[in-house]
Amino acid sequence: MNGEVFSRLYKEYIPVISYTTVDEVKNVAYVIYRLGIRAQDLLDPGDRGFETRVLVQKAVYFLQRLGLMRGYVFDLYLHGPYSTQLADDYMWLARKGDEYISRVAEECAECQKLDGLLEYLGEIDLRTLEVAATLAELAAVKGNLEEAKGLTRRIKPWVDDEDIVAALQVLKDLGLG
């Protein structure tokens with residue numbers, strides 16, 4: 001990262017949210033950039049914004065589960081694993097705008113290893129991503145995928161067999177199932 005961008009990130013952001021590192025911000029900017037997400041979409045208060053934020057949450061969750069990113073704590077919420085710290089980071093970046101996100105993302109040379117996975121995650125419908133992330137999180141907590149399936153159906157009564165099958169395929173594709 002060049003000195004100017006690093007200095008600006010450090011001075012403007014790191015003291016405000018002390019748990020976030022510059023590398024985490026670069027990684028999140030890269031995820032946003034590679035998924036083709038616009039700042040206005042993250043900031044949108046409607047359905048488009050909600051869906052965009054869910055996509056970022058699930059993409060980072062899976063990248064972290066795969067050991068390709070680190071630093072965020074996820075808790076199970078209504079739409080699957082959710083990180084408040086991650087939400088703070090991508091909303092801060094969104095308020096800075098597309099050009100800023102692009103500049104920070106370009107500073108993350110090592111992030112190119114994420115391209116194929118981000119392309120894959122970006123093609124999966126949000127419902128499947130949500131169910132897959134929920135299954136992955138419950139299986140990690142319970143240590144049992146079968147129990148995770150049952151719990152997922154209980155906490156998400158709209159989940160049917162097709163949703164479970166699609167989510168399990170995602171986990172298998174990612175090497176998590």
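It should be emphasised that the depicted structure is a prediction, and the values quoted were computed from it without experimental measurement. (Residues numbered from 1 in each chain as written. Predicted model: local features only at pLDDT ≥ 70, side-chain atom pairs only at ≥ 80, totals over all residues. Heavy atoms only, no water.)

1. Concerning the overall build of the protein
A count of helices and strands for the protein gives 10 helices and two strands. In the protein, the order of α-helices and β-strands from amino to carboxyl end is α-α-α-α-β-β-α-α-α-α-α-α. Out of the 177 residues belonging to the protein, those deemed buried represent 50%. Within the protein, contacts between residues at least 6 apart in sequence are counted, and of these 66% link residues at least 24 apart. Here the protein displays about 9,000 Å² of accessible surface, and carbon together with sulfur accounts for 50% of that area. (Helix = DSSP H or I, 4+ residues; strand = E, 2+ residues; numbered from the N terminus. Buried < 20%, exposed > 50% of the residue type's maximum accessible area, 1.4 Å probe, protein only. Contact = heavy atoms within 4.5 Å. Areas by Shrake-Rupley, 256 points an atom, 1.4 Å probe, with all protein chains shown as cover.)

2. Examining the environment of Ala 139
One can find Ala 139 in helix α8 (residues 126–142). Since its relative accessible area comes to 17%, Ala 139 is described here as buried. Sequence separation between Ala 139 and Leu 176 is 37 residues, and the spatial gap between their C-alpha atoms is 9.9 Å. Residues within four places of Ala 139 in sequence aside, it is in contact with Asn 144, Leu 145 and Ala 148.

3. Quick notes on the confidence of the model for the protein
Model confidence for the protein is summarised by a mean pLDDT of 90, while 89% of its residues fall at 70 or above. Ranking the helices and strands of the protein by mean pLDDT puts helix α3 (residues 39–43) first, with 98, and helix α1 (residues 3–12) last, with 50. In the predicted structure, residues 13–18 sits below a pLDDT of 50 and forms 13 contacts with residues beyond four places in sequence or in another chain. (pLDDT = per-residue confidence, 0-100.)

4. Regarding the packing of helix α2 (residues 22–34) against helix α6 (residues 98–106)
Viewed as axis vectors pointing N to C, α2 and α6 meet at an angle of 115°, and their least axial separation amounts to 8 Å. Judged by the twist between their axes, the crossing of α2 over α6 is left-handed. Side by side, α2 and α6 meet where Val 25, Lys 26, Ala 29, Tyr 30, Ile 32 and Tyr 33 of the first sit next to Ile 101, Ser 102, Val 104, Ala 105 and Glu 106 of the second. Residues belonging to the contact of α2 with α6 are distributed by class as follows: eight nonpolar, one polar and two charged. (Axes fitted to C-alpha atoms, helices over the stretch in contact; angles between N-to-C directions. Left-handed = near helix turned anticlockwise from the far one by under 90°. Nonpolar A, V, L, I, M, F, W, Y, C, P; charged D, E, K, R; others polar.)

5. Some thoughts on helix α9 (residues 145–155)
Every buried residue of α9 is accounted for by Ala 148, Lys 149, Leu 151 and Thr 152. Buried residues in α9 make contact with α8 and α10 (161–174).

6. Considerations on the state of the cysteines
Throughout the structure, instances matching the rule amount to one disulfide. Two residues, Cys 108 and Cys 111, share a disulfide whose sulfurs are 1.8 Å apart. Negative torsions about the S-S bond denote left-handed disulfides, and the value of about 55° found for Cys 108 with Cys 111 makes this one right-handed. Cys 108 gets classed as buried once you look at its relative accessible area, which sits at 2%. Overall, the relative accessible area of 2% leaves Cys 111 in the buried class. (Disulfide = S-S within 2.5 Å.)

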